[in-house]
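Breakdown of the fold
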Amino acid sequence: MPTKLDCSNYHFQIKNRKALGLGQRRRVMESTFKEITNGDSVLDIKDKCGVGGGVEDMYGEDRATEDQTITPWTFSVASGYSLLRDPHYNKGLAFTEAERDAHYIRGLLPPAVSSQELQEKKVMHNLRQYQVPLQRYMAMMDLQERNERLFYKLLIDNVEELLPVVYTPTVGEACQKYGSIFRRPQGLFISLKEKGKILEVLKNWPEKTIQVIVVTDGERILGLGDLGCQGMGIPVGKLSLYTSLGGVRPSVCLPITIDVGTNNQKLLDDEFYIGLKQKRATGQEYAELLEEFMSAVKQNYGEKVLIQFEDFANHNAFDLLAKYRTTHLVFNDDIQGTASVVLAGLIASLKLLGGTLADHTFLFLGAGEAGTGIAEIIALEITKKTSVPLEKARNKIWLVDSKGLIISSRVESLQHFKKPWAHEHEPVKELLDAVKAIKPTVLIGTSGVGKTFTKEVVEAMASLNPKPLIMALSNPTSQAECTAEEAYTWSKGHAIFSSGSPFDPFEFEGRTFVSGQANNAYVFPGFGLGIIMSGTIRVHDDMLLAASEALAAEVTEEDYLKGRIYPPFTNIRKISANIAAAVAAKAYELGLTTRLPRPNDLVKYAESCMYTPVYRTYR
């Protein structure tokens, strides 16, 4: 059992970091958010401290419980027809003869007894018969609602094939059509109708011990815009990856959609739309609902529940993260997760590009939450490695938005999160002209607009650099700034390319290029596991840097020979364990953890905490 931490001892630890020598070994790199919140840091702990660490595994879901027999409890011992309808415990034809007798399911199943491996083979065969990706998505969601362990077994064993099915790009289409394909709830819907009683709504969720919440308000789903309540597909998909890729137990995951209306007129006119049919609430009404939600989550689930903000529009995403980062355990995957995974690719690419990060010049197309988040973490990493001031490190990074290059003459009209990137320069309107003027070695696309890295832009990058690094990160595939084929062809095979959505290997002049996918799924599952297993109560920027460096270290020489700057997803569980260990180690160093004493081998401990979907034996 985890060791509980006395609050007085915890605050003693916080106050005496310097005495422990930690003050000299780390820099407080709280970046833009300190600048816009009067210098508040996540190290300045507010509210009550967390106690304990980890959560008791009542379902027998992690590796440490794999060989134990368990009792299939619901409110009573599940048996008979109810057992076959409970996705936590249902094994279908894999129930043994003894289990069929002991749990009163004799005759409710055909006489054949199948292994989980045979079930997996059958389901994969059936999935491959579908020609339409959305049909595969729906089949996978049906399986998750029917047999949870088999769903995750499929996803873990066939991750490269099924990841595009349960997440990008297919999840984008699923969200667009969510009203038509909706069958049964997979999370909580909290709308304006629930204002004043959100705590009661949270108590309606059957699981009482929650460690990770992924929440969206549906205003900026991928590159598809405002999908309102139908954005629920994103939290559901993200949490399935927390479990399959990061080993976070499904019983402690909760998807939530906050419905404040939608400005998408097509949805408002759709008779099958499942959300509130009204324009989006804004201002005080919106802020009050979010405040009630955040307070209710902490009241119901405690200090250590990780709240991941997902696909909020820029104007809310930065404000919410800045507001709650010192009082709650919060993480924005679009800002911080994207930044961490892209930084990992940049660190790994240095073996191909040469030099250090500080030697390169970065140009972004797109200055929203993803673009500015990536830019900031690059500047933080440069500061960490070179000890130059953060403001000077930012000078290596340039951003282009819809009005052109972000420069100091525009500073008065810029949103607050863009202002740190306003450098001295003449006005430049077009991306191609910005490439020629700035002469970047790295071009990063986070615009959400497809086909913006034109042939002329890529050729300009290739003329300026022997190996231009081009990252077309917008999702889904239709919104990618360019394709792998275009990047390799237009650069005559010289580009190092990565993208947000997957692309097939491409052959050019006798060489096969395997482009890397800068997918957030590399980082956030392991990042979340590291936070949970250490009982961390705040997210600090240094933990994101640790995750990036751990991911970059997983790229092998074989990957580099193929042109990849990310490792294959087939190794993702091992990668996630190493990221979790690195994140936990940094959290321990910062004094932000509540699971004491620290495990001696954090990688081994992370692996032991991971959910495994193999069937258990029922007594």
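First things first, this report covers the structure right here in the doc. All values derive from a computational prediction rather than experimental measurement.

With seven of seven residues buried, strand 3 (residues 253-259) lies mostly within the body of the structure. Burial along strand 3 is two-sided: the face carrying C253, P255, T257 and D259 and the face carrying L254, I256 and I258 are both buried. Pairing geometry for strand 1 (residues 188-191) and strand 3, over four bridges, is parallel. If you follow F189 over to strand 3, its bridge partner there is T257.

Attention now moves to empty space enclosed by the protein. Summed over the entire model, instances satisfying the criterion amount to three cavities of 30 Å³ or more. Its boundaries defined by the atoms lining it, the second largest cavity holds a volume of some 130 Å³. For the second largest cavity, the full set of lining residues is Y137, M138, M141, D142, E145, Y178, I181, F182, R183, R184 and Q186. Elements with a contribution of two residues or more to the lining of the second largest cavity: helix 7 (133-146) and helix 11 (178-181). Along the lines of polarity and charge, the residues of the lining of the second largest cavity split into six nonpolar, one polar and four charged.

By the element assignment, A317 lies in helix 16 (residues 314-324). Look at A317 and you get buried, because its relative accessible area is 1%. Once the C-alpha coordinates of A317 and N332 are considered, the two residues, 15 residues apart in sequence, prove to be 7.6 Å apart.

Turning next to the packing of aromatic side chains. One pass over the full model with this rule turns up 16 aromatic pairs. Geometrically, the ring pair formed by F151 and Y152 is edge-to-face, given 4.8 Å between the ring centres and 80° between the ring planes. What makes F151 buried here is its relative accessible area of 0%. Aromatic ring contacts, followed pair by pair, group Y488, F497, F503, F506 and F513 into a single cluster. One cation-aromatic arrangement involves R394 over W421; the distance from NZ or CZ to the ring centre is 5.6 Å.

This brings us to the sheet that holds strand 4 (residues 306-309). Taken together, five strands build an open sheet; the order of strands is 1-3-2-4-5 and the sheet is parallel. The outermost strands of the open sheet, each flanked by one partner alone, are strand 1 and strand 5 (330-332). The mean inter-strand angle of the sheet, taken between neighbouring strand axes irrespective of direction, is 25°. Taken together, the five bridges between strand 2 (residues 212-216) and strand 3 define a ladder with parallel strand orientation. Looking at strand 3, one finds that I213 is bridged to L254. Packing against the sheet, helix 17 (residues 333-353) makes contact with strand 4 and strand 5, and its axis sits at approximately 70° to strand 5. Of the strands in this sheet, strand 2, strand 4 and strand 5 are in contact with helix 23 (residues 524-534), which crosses strand 4 at around 155°.

Calculation criteria
Residues numbered from 1 in each chain as written. Predicted model: local features only at pLDDT ≥ 70, side-chain atom pairs only at ≥ 80, totals over all residues. Heavy atoms only, no water. Buried < 20%, exposed > 50% of the residue type's maximum accessible area, 1.4 Å probe, protein only. Helix = DSSP H or I, 4+ residues; strand = E, 2+ residues; numbered from the N terminus. Pairing = 2+ DSSP bridges. 1 Å grid on protein atoms, 1.4 Å probe; cavity = no way out; pocket = protein on both sides within 12 Å on 5 of 7 lines; lining within 4 Å. Points joined across faces, edges and corners; volume = space filled by probe spheres on them. Nonpolar A, V, L, I, M, F, W, Y, C, P; charged D, E, K, R; others polar. Phe/Tyr/Trp six-rings, centres within 6.5 Å; stacked < 30°, edge-to-face > 60°. Lys NZ or Arg CZ within 6 Å of the ring centre and 35° of its normal. Axes fitted to C-alpha atoms, helices over the stretch in contact; angles between N-to-C directions. Contact = heavy atoms within 4.5 Å.

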